[in-house]
Amino acid sequence: MTDLVQEIQHWKSVRKAVILAHNYTLPEVQDIADFTGDSLELSRKAAQCGAPVIVFCGVRFMAETAKILSPGSLVLHPAPDAGCPMADMAPVEAVRAYRQAHPDTLLVAYVNTTAATKTAVDLCCTSGNAERVIASLPQDQKIMFLPDGDLGANVARALNRPMELWEGYCPTHYRIHPDDLDKARKAHPDAQILVHPECLPAVVEKADKALSTGGMLNYVRESPCQRFVIGTECGILHRMKKENPEKEFYPLEPIPVCPNMKKITLEKVRNCLRDLSCQVELDEETIRQARTPIDKMLAL
Ligand code: 13P
Ligand code: SF4
């Protein structure tokens with residue numbers, strides 16, 4: 001164990017902290033976490049854990065979601081500048097303006113939205129439950145899906161259900177091109193290609209499966225297939241290889257990287273635990289209003 005990891009363990013026990021990490025974070029960060037998962041799994045963990053201190057290793061909206069679901073905990077986000085560009089594509093003012101102009105439309109927000117934007121929507125979903133959430137709504141209900149137009153388009157197609165789509169996208173997944181999948185098929189003909197549903201519909205169409213990061217981890221564990229090409233942020237390969245040492249995993253090339261997820265380092269985790277710095281602060285009213293659409297999602 002390195003000195004830095006020992007220091008983290010020391011401060012973690014002093015602070016009685018729980019460390020949650022997203023599947024895209026750096027391998028060494030995943031290794032010191034108490035729990036690693038996708039957005040839905042991490043939301044559920046944050047809601048249940050009740051720890052006095054939660055260190056959230058992921059991007060900003062995820063740490064905010066942890067604070068909304070566990071307002072009594074001190075939630076620390078080790079890299080406050082680690083945002084999600086897609087979440088910033090649906091600012092609360094624009095969402096409010098849309099709502100005012102379309103009073104009969106239900107606003108469904110991907111959890112990749114700021115806490116402020118969550119105060120202006122009806123219901124949340126993650127990539128792990130988006131189809132289930134949309135399928136639970138009456139067939140004639142008008143829906144605006146935000147901010148991820150690609151996830152929205154993939155869900156709309158899978159359910160054969162039209163929706164209005166916000167013009168947001170993930171800059172990391174958007175770069176994946178259908179040709180990249182053709183090349184991967186040629187290079188690894190006996191592998192299954194898994195992609196994230198944030199990818200373009202033309203990419204999802206060429207893949208064997210489109211799954212959330214948690215869904216991918218479950219799928220590769222249970223599948224009899226031995227080889228997989230992984231079309232999502234490369235951080236997930238660490239857990240995949242660790243949990244399935246007998247199987248082979250290849251990243252889709254060019255390798256997708258989310259620069260914001262990589263801003264969470266061990267040094268920053270140690271610093272925030274030691275100094276109780278980088279606290280996520282949200283006012284009570286924002287927490288109250290943003291919680292409603294998340295609770296509705298978790299209850300489904
Ligand atoms: P998951 O919920 O599938 O982990 O996705 C979160 C995310 O930000 C993907 O880019
Ligand atoms: Fe946001 Fe894309 Fe990074 Fe996920 S991978 S956190 S959607 S920028």
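Just above, that's the structure.
Below, the structure is looked at part by part. Every value quoted in this text rests on a predicted model; they were computed, and no experiment measured them.

1. Let's talk about the overall build of the chain
Within the chain one finds 15 helices and 12 strands. For 300 residues, the compact-globule formula gives about 19 Å, and the C-alpha radius of gyration of the chain, at 19 Å, lands near that figure. The principal-axis extent of the C-alpha atoms belonging to the chain is close to 50 × 50 × 30 Å. Taken over 300 residues, the chain has a buried fraction of 54%.

2. Regarding the sheet that holds strand 10 (residues 209–210)
As summarised here, the arrangement of the four strands in space is 10-9-11-12, forming an open sheet in which the pairing is parallel. In this open sheet, the two strands that pair with only one neighbour each are strand 10 and strand 12 (248–251). The pairing of strand 9 (residues 192–195) with strand 11 (residues 227–231) spans four bridges and is parallel. Its bridge partner lying in strand 11, V195 is registered against G231. Across the sheet, helix 13 (residues 236–243) lies against strand 11 and strand 12, angled at about 170° from strand 12, the strand it touches most.

3. Examining the nonpolar core
For soluble globular proteins, nonpolar side chains are generally found buried alongside one another. If you look at the biggest cluster of nonpolar residues, it comprises 36 residues, and the most contacted ones within it are F56, F61, V108, I134, L137, F145 and M163. Contributing elements (two or more residues each) for this core: helix 3 (39–49), strand 3 (53–57), helix 4 (60–69), strand 5 (105–110), strand 6 (123–125), helix 7 (130–135), strand 7 (142–146) and helix 8 (149–159). Counting residues per element, this core draws most heavily on helix 4, at four residues. In contact with F61, other than residues within four places in its own chain, are C84, A87, V111, N112 and T113.

4. A short note on helix 12 (residues 213–222)
For helix 12, the set of buried residues is T213, G214, G215, M216, L217 and V220. Close packing links the buried residues of helix 12 with strand 1 (17–22), helix 3, strand 9, strand 11, helix 13 and strand 12.

5. Focus: the site of ligand 2
All residues adjacent to ligand 2 are Y24, V59, C84, P85, M86, N112, C170, H173, E198, C258 and M261. Grouping the amino acids of the shell around ligand 2 by side-chain chemistry returns eight nonpolar, two polar and one charged.

6. Side note on the packing of helix 3 against helix 4
Between two packed helices, both the angle of their axes relative to each other and the distance between the axes serve to describe the pair. Closest axis-to-axis distance for the helix 3/helix 4 pair is 8 Å, and the angle between their directions is 35°. Taken as a pair, helix 3 and helix 4 cross one another with a handedness that is right-handed. Only M62, T65, A66 and L69 of helix 4 make contact with helix 3, whose side of the interface consists of S39, S43, A46 and A47. Here the contact of helix 3 with helix 4 is built from residues that sort into five nonpolar, three polar and no charged.

7. Focus on the environment of A299
Structurally, A299 is set in helix 15 (residues 284–299). Judged by relative accessible area, which is 68%, A299 ranks as exposed. Remark: the alpha-carbon pair of A299 and D3, spanning 296 residues in sequence, is separated by 42 Å.

8. Details of the side chain of T36
Relative to the assigned elements, T36 resides in strand 2 (residues 35–37). According to the relative accessible area criterion, T36 is buried, its value standing at 13%.

9. Digging into the pairing of strand 11
In terms of residue burial, strand 11 counts as a mostly covered element, since four of its five residues are buried. Examined bridge by bridge, strand 11 and strand 12 share four bridges and lie parallel to one another. Paired with V229 across the two strands is Y250, which belongs to strand 12.

10. Concerning the site of ligand 1
Near ligand 1 you find H22, Y24, D38, S39, Y110, N112, S127, H173, H196, E198, S212 and T213, and these make up its full shell. Within the side chain of H22, an N or O atom sits 2.6 Å from an oxygen atom of ligand 1. Taking E198, its side chain carries an N or O atom lying 2.8 Å from an oxygen atom of ligand 1. Contact with the protein chains hides 96% of the accessible area of ligand 1, taken as 300 Å² for the molecule alone.

11. Regarding the side chain of K12
For K12, the position within the fold is in helix 1 (residues 3–15). Among the residues examined, K12 registers a relative accessible area of 14% and is labelled buried. Excluding residues that lie within four positions of it along the chain, K12 makes contacts with A17, I19, D34 and L273.

12. Quick notes on the pairing of strand 7
Among the five residues in strand 7, four count as buried, and that is most of the element. Note: strand 5 against strand 7, five bridges, orientation parallel. Following the sheet pairing, T105 is matched in strand 7 by K142. In the sheet, strand 7 pairs with strand 8 (residues 164–165) via two bridges, with the strands oriented parallel.

Calculation rules
- Residues numbered from 1 in each chain as written.
- Chains lettered and ligands numbered in written order.
- Predicted model: local features only at pLDDT ≥ 70, side-chain atom pairs only at ≥ 80, totals over all residues.
- Heavy atoms only, no water.
- Helix = DSSP H or I, 4+ residues; strand = E, 2+ residues; numbered from the N terminus.
- Rg over C-alpha atoms; globule rule 2.2 N^0.38 Å.
- Buried < 20%, exposed > 50% of the residue type's maximum accessible area, 1.4 Å probe, protein only.
- Pairing = 2+ DSSP bridges.
- Contact = heavy atoms within 4.5 Å.
- Axes fitted to C-alpha atoms, helices over the stretch in contact; angles between N-to-C directions.
- Core = buried A, V, L, I, M, F, W, Y, C linked by side-chain atoms within 4.5 Å.
- Near = heavy atom within 4 Å.
- Nonpolar A, V, L, I, M, F, W, Y, C, P; charged D, E, K, R; others polar.
- Left-handed = near helix turned anticlockwise from the far one by under 90°.
- Polar contact = N/O pair within 3.5 Å; in protein donor to acceptor, adjacent residues only side chain to side chain.
- Areas by Shrake-Rupley, 256 points an atom, 1.4 Å probe, with all protein chains shown as cover.

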